[in-house]
Amino acid sequence: MMDLSYYYGRKVLVNRLAPVPAGVRVLPTIEVRSRNIRCYRCNQLTAKTIAALPHNEFYCPHCINLGRVSTLNKFYHVPEPNQFLPIKQPILTWHGKLSPLQEQVSLTVAQRMARHEHQLLWAVTGAGKTEMMFAGIAAAIRRGERIGIASPRVDVCLELFPRLQVAFANCEIALLHGRQELPYHYAQLTICTTHQLLRFYHAFDNLIIDEVDAFPYAADKSLLYATKHALKADGGCLYLTATPGDALLREVRQRRLAVSYLPLRYHGHLLPRIKVQLVCWRQRLKHRQLPRRCVQRMNKSLVRHHRFLLFVPHVVDLSSVFITLQAYFPRYRFATVHANDPDRLIKVQRMRDGEYDFLITTSILERGVTFPEIDVYVLGADEAVFSSSALVQIAGRAGRAQSRPTGNVILWVSSNCRQVRQATQQINYMNRKGQRIKDEVSVMQ
Amino acid sequence: MYGWYLHHHGIYRYNSMMKEYMRRYKFDGDYRLRKVFQCEFSTYIRQIPTDYIVPIPITTTTWQTRGFNQVVGLLREVPYLTALQTKIEKKAPQSSKNRQERLAASQPFILKTPAKFKHKKILLIDDVYTTGRTLYHAAELFHQAGGDWVGSVSLAR
């Protein structure tokens, strides 16, 4: 006999002929319409010709990597009862301290979570977002709520998990993602990828979505559906990001989403401004050269002992840029990294340890990594791989340290384009807000 | 051991790519993927001279979970015969049977109309040939029914 808690707030796929255990509700899997079918898990429509199995049965190809949903199945579901064991005090075991500005934002976030509002926390890169949600989570746990923290990126989940284990040491936390073999277990706090949210059904009283924009092309509609699906009807939702996309900003403008800003970094400085320079670099690169402006800029950083990251659009650009720069900077130590580089972690660690003067990289280092005191250069920032949010994230690698809160951020483009303009505007917008706060603080002093 | 030899053709090697394909097609149940090899596989089968083409069947349980026969899925415009049927799996433990019973019980298929195959050529179709156990079991039935020639084709070996 399976523990009923397995079904709490979830949709569990079973064979349609299986006998129904007592206390379990059965939900349908697929709505068969005249020309297409709709999946009750991912809400996607599929033409009958594509979704057809023999004998007039159908399946959903969209969410198949979560386990195939078909007319041969049914879902088991038990409405979320919030049956958690009492937690040993204190709930919050984090002993860090928030800055007054962080404290204020943290309080607002917690109050909105208590009212189950839908809200956006727009905090600049390096603002300390994670720590600002601790108070809200602790209060929700105290109220006996079920809480989910989800991100489109597995990396983000994997990074969050140990930090939350430390911050909520007495609380049981479940971690769910596609590459995991561990069986599911019922816990008051769940960390998972946004994809995994589709397995839940009206489970969470509060849901936090971290780095919402991590996949710029991720269909906002399906994310919105997954969120709605996993939340209780009266559940609250907190989106965390440094770079909200158009869909979220629209929600804010239409006042469907409350917003809190944190336009200053934890060290209280503004974001480094983006400089854009027009250069013809692709043609020069064919002749193993780069425009003089670029070389001079990089040279300046090196002479001043400022290490830097040089972003290039594609993996194939890495080697030609590397060879070219070897001729220009024979005395300096540098390397290239990309997503499938087997030595990726080692190289990043070497950069951290100061063994390299600079790294040439694709957009994989756009978020989640911190090197202190660096400059940031982007070759071909106008190419399609760099979305505006990627560029804001890339720019956000500079000036993260208290010891050097500024840094050069230069985008080299061969033509002006929308993403670059939007990224510049977003940073300027947050800096204007940040400057206002700094002015208020200085008036008070 | 049987007194006859099964003429087998395997089109592709069962390497890691093919294993990955089979995992997604059969075990994840992505029926759309039948189309990847359908045309090529069917063309190959059509050029083999034979009287009957017989795909290896799947069990009732597989019909209830997977919902399709992965072998039949690979066939397009191939006139095939569902001559084989899987036996109902018995719950009696193997240890309770003697050797004769075990050998008899290990035959997983039933041939529906044996008379039809006397002095005929039969081509068996399967998705993957590993030990050949399954195909030999099936072939045995056609030989017993008096078939002249039994061959087999699989997508991978």
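Residues numbered from 1 in each chain as written. Chains lettered and ligands numbered in written order. Predicted model: local features only at pLDDT ≥ 70, side-chain atom pairs only at ≥ 80, totals over all residues.

The biggest cluster of nonpolar side chains holds 97 residues, and the ones touching the most others in it are A:Val376, A:Tyr377, A:Val378, A:Leu391, A:Ala395 and A:Trp412. With sequence-adjacent residues up to four places away left out, A:Val378 is seen in contact with A:Phe311, A:Phe386, A:Ile394, A:Leu411 and A:Trp412. (Core = buried A, V, L, I, M, F, W, Y, C linked by C-beta atoms within 7 Å. Buried ≥ 20, exposed ≤ 12 C-beta atoms within 10 Å, placed from the backbone. Contact = placed C-beta atoms within 7 Å.)

On to the sheet that holds strand E4 (residues 36-39) of chain A. All names here are of chain A. The three strands lie next to each other as E3-E4-E5, forming an open sheet whose pairing is antiparallel. In the strand order of this sheet, the two ends are held by strand E3 (30-32) and strand E5 (45-47), each with one partner. Pairwise comparison of adjacent strand axes, ignoring direction, gives a mean angle of 25° for this sheet. Direction of pairing for E4 relative to E5: antiparallel, over a ladder of three bridges. Each residue of the ladder has a partner; that of Ile 37, found in E5, is Thr 46. (Pairing = 2+ DSSP bridges. Helix = DSSP H or I, 4+ residues; strand = E, 2+ residues; numbered from the N terminus. Axes fitted to C-alpha atoms, helices over the stretch in contact; angles between N-to-C directions.)

Further remarks concern the confidence of the model for chain B. As a note on interpretation, predicted positions should not be read in detail where pLDDT is low. Mean pLDDT over chain B: 89, with 88% of residues reaching 70 or higher. Interface scoring of the predicted complex returns ipTM 0.87; its pTM is 0.81. (pLDDT = per-residue confidence, 0-100.)

Here A:Asp3 is to be found in the segment before strand E1 (12-15). Distance from A:Asp3 to A:Asn299, taken between C-alpha atoms, is 64 Å for residues 296 residues apart in sequence.

Next up on the list: helix H4 (residues 134-142) of chain A. Residues and elements named next belong to chain A. Every buried residue belonging to H4 is among Phe 134, Ala 135, Gly 136, Ile 137, Ala 140 and Ile 141, and all of these are buried. Buried-residue contacts for H4 involve helix H2 (100-114), helix H3 (129-132), strand E10 (147-151), helix H5 (154-167) and strand E13 (204-210). Among the residues trailing H4, Gly 144 stands out with phi positive, at a value near 80°.

Glancing now at the packing of H2(A) against H4(A). All names here are of chain A. At a minimum axis distance of 7 Å, the contact between H2 and H4 shows a crossing angle of 30°. Of the possible angle classes, the one that applies to H2 and H4 is roughly parallel. Handedness of the H2/H4 crossing: right-handed. On the side of H2, the interface is formed by Ser 106, Val 109, Ala 110, Met 113 and Ala 114, while H4 contributes Ala 135, Gly 136, Ala 139 and Ala 140. Residue composition of the contact of H2 with H4, by class: seven nonpolar, two polar and no charged. (Parallel < 35°, antiparallel > 145°, perpendicular 65-115°, else oblique. Left-handed = near helix turned anticlockwise from the far one by under 90°. Nonpolar A, V, L, I, M, F, W, Y, C, P; charged D, E, K, R; others polar.)

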